[in-house]
Amino acid sequence: MEGKTHAIGGICLGIATQSYYITQSMDAPETIVYYGACLLGSLLPDICHPGSWTGRRARVLSKGISRFFGHRTITHSILFILLIYWLTSTFSFQYDELVQTGLLVGIVSHLLLDAMTVRGIQLFYPITIRVRFPMYMKTASKAEGIVSSILVLSALFLIYKQLFA
Ligand SMILES: [Zn+2]
């Protein structure tokens, strides 16, 4: 999937998580931190592609991961989710819980979306089986456009529900 679809997906799952699982109300800085983390998390797994938005911002790391692990392997797996969980649990800092939740939500949204593509993902890396939903599509295809439109509509619906229902 393209970066923009992942970004929309991360925000959308972020809103859903906020409305169903995060019970405390968030003030403005907390909201910015949380959604910033969702956005970052939704783009982070593609650090294995040196040409992606994330890859271009962390070029050396990206090239290293790409050469050592290949595309869509470790950064698209349960292992990566555990690694980010561990890293964000190890250090305590301001807003750490919101950052952790946001990052994990973003990464999960990324994996869900990439599991809808032809290549699927290696969810159980280092076991190399590819995981893919029964319905899948090509990256940057019309179908992806439809998925991102559905995500935008879902996000708007969730925002509406949160504000007015
Ligand atoms: Zn990806």
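Residues numbered from 1 in each chain as written. Predicted model: local features only at pLDDT ≥ 70, side-chain atom pairs only at ≥ 80, totals over all residues. Heavy atoms only, no water.

1. Concerning unusual backbone geometry
P126 follows Y125 through a cis peptide bond whose omega is 10 degrees. Within the secondary structure layout, P126 lies in the loop between α6 (96–114) and α7 (142–164). For Y95, which is not glycine, the phi torsion reads 60 degrees and is therefore positive. A relative accessible area of 27% places Y95 in the partly exposed class. Even without glycine at this site, A140 takes up a positive phi of about 60 degrees. As for its position among the elements, A140 is in the loop between α6 and α7. (Helix = DSSP H or I, 4+ residues; strand = E, 2+ residues; numbered from the N terminus. Buried < 20%, exposed > 50% of the residue type's maximum accessible area, 1.4 Å probe, protein only.)

2. A short note on the UniProt feature "transmembrane region" (unreviewed entry) in the chain
UniProt records the feature "transmembrane region" (unreviewed entry) for residues 74–95, 101–125 and 146–164 in the present numbering. With 59% helix and 0% strand, residues 74–95 has its two end C-alpha atoms placed 27 Å apart. Its end C-alpha atoms 22 Å apart, residues 101–125 is made of 56% helix and 0% strand. (UniProt positions renumbered as here; feature names shortened; annotations may be inferred.)

3. Some words on the pattern of salt bridges
Taken as a whole and judged by the stated rule, the model has two salt bridges. Between E2 and K4 there is a salt bridge, with the nearest N and O atoms lying 3.5 Å from each other. Classification of E2 by relative accessible area gives partly exposed; the value is 30%. (Salt bridge = Lys/Arg side-chain N within 4 Å of Asp/Glu carboxyl O.)

4. Some thoughts on the coordination of the zinc ion
The protein atoms donating to the zinc ion are D46 (OD), H76 (NE2), H110 (NE2) and D114 (OD), with metal-donor distances spanning 1.9 to 2.2 Å. Coordination at the zinc ion is irregular: its four donor atoms span angles of 91 to 168 degrees at the metal. (Donors = N, O, S within 2.8 Å, 3.2 Å for Na, K, Ca; no water. Tetrahedral: all angles 85-135°; square planar, octahedral: opposite > 155°, others 65-115°.)

5. Some remarks on the nonpolar core
By size, the foremost hydrophobic cluster in this structure holds 17 residues, and its most contacted members are I15, Y34, Y35, C38, L113, V147 and L151. For this core, the secondary-structure elements that each account for two or more residues are α1 (3–20), α2 (28–43), α6 and α7. If near-sequence neighbours (up to four positions away) are discounted, C38 is found in contact with G10, G14, G102, L103, V105 and G106. One finds A37, F80, L103 and L111 within the second-largest nonpolar core, a separate group that totals twelve residues. (Core = buried A, V, L, I, M, F, W, Y, C linked by side-chain atoms within 4.5 Å. Contact = heavy atoms within 4.5 Å.)

6. With respect to the packing of α2 against α6
Running from N to C, α2 and α6 point in directions that differ by 35 degrees, and their axes come no closer than 6 Å. Here the hand of the crossing between α2 and α6 comes out right-handed. Residues E30, V33, Y34, A37, C38, L40, G41 and S42 of α2 form the contact with α6, whose participating residues are L98, V99, T101, G102, L103, V105, G106, I107, S109 and H110. Of the residues in the contact of α2 with α6, the class split is ten nonpolar, seven polar and one charged. (Axes fitted to C-alpha atoms, helices over the stretch in contact; angles between N-to-C directions. Left-handed = near helix turned anticlockwise from the far one by under 90°. Nonpolar A, V, L, I, M, F, W, Y, C, P; charged D, E, K, R; others polar.)

7. A look at a positive patch on the surface
There is a patch of like positive charges on the surface, built from R56, R57, R59, K63 and R67. Breaking the positive patch down by element, the ones donating at least two residues are α3 (53–57) and α4 (59–69). Looking at the element boundaries, R67 is found in helix α4. Overall, R67 belongs to the exposed group, its relative accessible area being 72%. (Patch = residues over 30% accessible without salt bridge, like charges linked within 9 Å, V, L, I, M, F, W, Y side chains within 5 Å. Areas by Shrake-Rupley, 256 points an atom, 1.4 Å probe, with all protein chains shown as cover. Lys, Arg positive; Asp, Glu negative; His and termini not counted. Charge placed at Lys NZ, Arg CZ, Asp CG, Glu CD.)

8. Section: the environment of L61
Looking at the element boundaries, L61 is found in helix α4. Take L61: its relative accessible area is 51%, and that puts it in the exposed class. Taking C-alpha positions, L61 is 8.9 Å from P50, a pair spaced eleven residues apart along the chain.

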